[in-house]
Amino acid sequence: RFKNPGVTWHVLNYGDPDQSLVARDNINCMRLWKGRLWRLHAVLKYLGEYDAIFYPGNEAFDVWGLRLRRLLGRSIPVISTIEGIPGNSERESRLSIAAGHRVYCFLPRSGSRSTHSYDDVRGLSDLSIAITPFMASMGRELYPVKQVHMPIGVDTRVFHARNRDYPSVPTILGVGTLYQRKRPEVFLELARRIPGARFVWLGDGPMYNSLQTQAADLPN
């Protein structure tokens, strides 16, 4: 996707990078130090000579890297993304009121700090790109930065309506790894509430067996 020869992309890697990236003339893979100091190295890499920072991570070291640039007077445009929003029940209530319907957040990976880091990165951004208009509206509710939306797109060679027969029963599709952070149990709850639709989830993960057992108890 980064085919413009006039733009050079600098990306961080810990292990061996994808060789298709290494072979590209306009992609510079920067290997981080091995061992416990890799986070410090990542912070220092944030101080490099760049024109913009695109798609920063959501960890504490990403926040420190962005803050350090700002403290040193070396601010450059920071462009983050909003593909989902972490949060607890309190945040879900706030977003549900703003949206006018029930809103679900994804669960933080570990502890409450990861939610703070996610919020801090967006607070330090100049622009956040959301993957849907709805995610952009939720971003405007939470973060005081400019929000735009840009669909991630689909491969129309695979997903298309040519020669397709539409069933009388609507099908609702979910795709993703079945682990707690993505809250796939909500998918089952929707299936209970909407018995007139067919629900299909594509993916595997640690919650597969338990969810399959619960799904078997649903009425056909």
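Residues numbered from 1 in each chain as written. Predicted model: local features only at pLDDT ≥ 70, side-chain atom pairs only at ≥ 80, totals over all residues. Heavy atoms only, no water.

Q: I'm lost on a nonpolar patch on the surface in this one. Help?
A: The grouping of Trp-33, Leu-37, Leu-40 and Leu-44 at the surface amounts to a nonpolar patch, some 380 Å² of accessible area in total. Checked against the element boundaries, Leu-44 lands in helix H2 (residues 38–45). The exposure class of Leu-44 is partly exposed, given its relative accessible area of 40%. (Patch = residues over 30% accessible without salt bridge, like charges linked within 9 Å, V, L, I, M, F, W, Y side chains within 5 Å. Areas by Shrake-Rupley, 256 points an atom, 1.4 Å probe, with all protein chains shown as cover. Salt bridge = Lys/Arg side-chain N within 4 Å of Asp/Glu carboxyl O. Helix = DSSP H or I, 4+ residues; strand = E, 2+ residues; numbered from the N terminus. Buried < 20%, exposed > 50% of the residue type's maximum accessible area, 1.4 Å probe, protein only.)

Q: Whenever I open this one, the pattern of salt bridges confuses me. Can you help?
A: Between side chains of opposite charge, pairing is possible as soon as their charged atoms come close. Enumeration according to the criterion identifies 11 salt bridges in this entry. The residue Arg-91 makes a salt bridge to Asp-119 at a minimum N-O spacing of 2.7 Å. Taken as a pair, Arg-91 in helix H4 (residues 89–99) and Asp-119 in helix H5 (residues 113–123) lie far apart in primary sequence, 28 residues in all. Each member of the pair, Arg-91 as well as Asp-119, carries the same accessibility label: buried.

Q: Explain the nonpolar core here, please?
A: Proteins that are soluble and globular tend to have nonpolar side chains buried together. Counting residues in hydrophobic clusters, the biggest one holds 14 residues, and the most contacted among them are Ile-82, Ile-85, Leu-95 and Tyr-143. The element best represented in this core is helix H6 (residues 133–142), accounting for 4 residues. With sequence-adjacent residues up to four places away left out, Tyr-143 is seen in contact with Ile-82, Ile-85, Arg-91, Tyr-118, Asp-119 and Arg-122. Among the nonpolar cores identified, the runner-up in size contains 10 residues, and Met-30, Tyr-46, Tyr-50 and Val-63 belong to it. (Core = buried A, V, L, I, M, F, W, Y, C linked by side-chain atoms within 4.5 Å. Contact = heavy atoms within 4.5 Å.)

Q: Help me understand unusual backbone geometry in this model?
A: With the exception of glycine, the majority of residues adopt a negative phi angle, and the majority of peptide bonds are in the trans configuration. Located in the positive-phi region is Tyr-55, a residue other than glycine, with phi close to 60°. As for its position among the elements, Tyr-55 is in the loop between strand E3 (53–54) and helix H3 (60–71).

Q: I tried to follow the sheet that holds strand E5 (residues 127–130) on my own but got confused; where do I start?
A: The pairing of strands in a sheet comes from backbone hydrogen bonds and takes either a parallel or an antiparallel form. Taking strand neighbours across the sheet as the criterion, the 4 strands line up as E3-E4-E5-E6 in an open arrangement whose pairing is parallel. Of all the strands in the sheet, the pair left with one neighbour each is E3 and strand E6 (146–149). Helix-sheet contacts for H6 involve strand E4 (78–82), E5 and E6, and the interaxial angle to E6 is about 170°. (Pairing = 2+ DSSP bridges. Axes fitted to C-alpha atoms, helices over the stretch in contact; angles between N-to-C directions.)

Q: Looking at this structure, I do not really get H4. What am I missing?
A: In an α-helix there are 3.6 residues to a turn, and that puts residues three or four apart on one side. Within H4 the residues assigned to the buried category are Arg-91, Glu-92, Leu-95 and Ser-96. When H4 is viewed along its axis, its buried side chains cluster within an angular range of 135° and face the same direction. For H4, exposure combined with an orientation more than 90 degrees from the buried face picks out Glu-90 and Ile-97. Capping the start of H4 is the job of one residue whose side-chain oxygen sits 3.2 Å from the backbone nitrogen of Glu-90: Asn-88. (Arc of directions from axis to C-beta. Polar contact = N/O pair within 3.5 Å; in protein donor to acceptor, adjacent residues only side chain to side chain.)

Q: Whenever I open this one, the packing of aromatic side chains confuses me. Can you help?
A: A ring pair, where both rings are aromatic, is described by two values, the distance of the centres and the angle of the planes. Within the structure shown, the criterion is met by 7 aromatic pairs. Look at Tyr-14 and Trp-38: their rings are 6.2 Å apart centre to centre, the planes differ by 70°, and that puts the pair in the edge-to-face class. Linking Tyr-14 in the loop between strand E1 (9–13) and helix H1 (19–22) with Trp-38 in helix H2, this pair joins segments that are 24 residues apart in sequence. Overall, Tyr-14 belongs to the partly exposed group, its relative accessible area being 36%. Under the relative-accessibility criterion, Trp-38 is labelled partly exposed at 22%. Plain terms: the ring middles of Phe-106 and Tyr-118 are 6.1 Å apart, the flat faces sit at 80° to each other, and that makes the pair edge-to-face. A residue pair is termed long-range when its members are at least 10 positions apart, and Phe-106 in the loop between H4 and H5 and Tyr-118 in helix H5 qualify at 12 residues. The class for Tyr-118 is buried, based on a relative accessible area of 5%. Joined through ring pairs, the aromatic side chains of Trp-9, Phe-54 and Tyr-55 make up one cluster. One residue, Arg-67, lies across the ring of Trp-64, its end atom 5.9 Å from the ring centre. Arg-102 extends its terminal NZ or CZ atom over the ring of Tyr-104, reaching a point 4.4 Å from the ring centre. (Phe/Tyr/Trp six-rings, centres within 6.5 Å; stacked < 30°, edge-to-face > 60°. Lys NZ or Arg CZ within 6 Å of the ring centre and 35° of its normal.)

These values are about where atoms sit, not about what they do.
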